[in-house]
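# Breakdown of the fold
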Amino acid sequence: MYEHKKILIADDDDSFLSLYSKIIEKAGFTAIQAHDGEEAILMATQFKPDLLVLDIAMPKKDGLAVTDAIRKTPWGADVPIIILTGKNPTDEWLDKLTKSNTAYYLIKGSQSLDDFIAKIKDILHA
């Protein structure tokens, strides 16, 4: 059902990136990895994934800068994006998410891996 759905996951934490990529693949999706914001933009432009999962704090470009760059492309205007953070969001951060048309954010470790995959499935079914 999901074997043709591609998910880009971008995070500078290699252990997090590896774990979440494996979970995404186990759920039947294709995982595309990026280790920083610039690589995320390059990979997204090249592969046009069905959903992006972006860490908020990455080198070269943060998750919000990546979101802004993706939203400026015809393909990326409406692609679902999940922003991940290890911190509670500030009002400024939430304001930037709203302006970037990002409807989803998750705090790392606040949900189980099963809940993470369920969220992805819900988003892709919407």
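The sections below set out a description of the structure shown in this document. The shown structure was predicted, so the numbers you read here are calculated from the model rather than taken from an experiment.

Okay, the packing of aromatic side chains next. Centre-to-centre distance and the angle between the planes together describe a pair of aromatic rings. One pass over the full model with this rule turns up two aromatic pairs. Here the aromatic rings of Phe16 and Tyr20 are separated by 4.0 Å at their centres, their planes lie at 25°, and the arrangement is stacked. With a gap of four residues between them, Phe16 and Tyr20 both fall in helix 1 (residues 14-26), about one helical turn apart. We classify Phe16 as buried; its relative accessible area is 11%. Overall, the relative accessible area of 5% leaves Tyr20 in the buried class. Ring geometry for Tyr20 versus Phe116: centroids 4.7 Å apart, planes at 75°, classification edge-to-face. Remark: Phe116 occurs in helix 5 (residues 113-125) and Tyr20 occurs in helix 1; sequence separation between them is 96 residues. As far as the burial class goes, Tyr20 and Phe116 line up, both buried.

Take the side chain of Asp36 next. Within the secondary structure, Asp36 is located in the loop between strand 2 (30-34) and helix 2 (37-47). There is a polar contact of 3.0 Å between the side chain of Asp36 and the backbone nitrogen of Glu38. A polar side-chain atom of Asp36 sits 2.8 Å from the main-chain amide nitrogen of Glu39. Look past the residues within four positions of Asp36 in its chain and what remains in contact with it is Met58, Pro59 and Lys60.

The next thing to look at is the side chain of Ser21. Mapped onto the fold, Ser21 is located in helix 1. Reaching out from Ser21, the side chain makes a polar contact with the backbone oxygen of Leu17 at a distance of 2.7 Å. A distance of 3.0 Å separates the side chain of Ser21 from the side chain of Gln33, its partner in a polar contact. Apart from residues lying up to four places away in sequence, Ser21 is in contact with Ile9, Ala31 and Gln33.

Attention now moves to helix 5. With 13 residues, helix 5 extends 18 Å from end C-alpha to end C-alpha; this agrees with the ideal 18 Å at 1.5 Å per step. Those residues of helix 5 lying buried are Phe116, Ile117, Ile120, Ile123 and Leu124. Viewed end-on, helix 5 has its buried residues packed into an arc of 120°, placing them on one side of the element. Residues of helix 5 that are exposed and point over 90 degrees away from its buried face: Asp114, Asp122 and His125.

Reading the values: rules and limits
- Residues numbered from 1 in each chain as written.
- Predicted model: local features only at pLDDT ≥ 70, side-chain atom pairs only at ≥ 80, totals over all residues.
- Heavy atoms only, no water.
- Phe/Tyr/Trp six-rings, centres within 6.5 Å; stacked < 30°, edge-to-face > 60°.
- Helix = DSSP H or I, 4+ residues; strand = E, 2+ residues; numbered from the N terminus.
- Buried < 20%, exposed > 50% of the residue type's maximum accessible area, 1.4 Å probe, protein only.
- Polar contact = N/O pair within 3.5 Å; in protein donor to acceptor, adjacent residues only side chain to side chain.
- Contact = heavy atoms within 4.5 Å.
- Expected span 1.5 Å × (residues − 1).
- Arc of directions from axis to C-beta.

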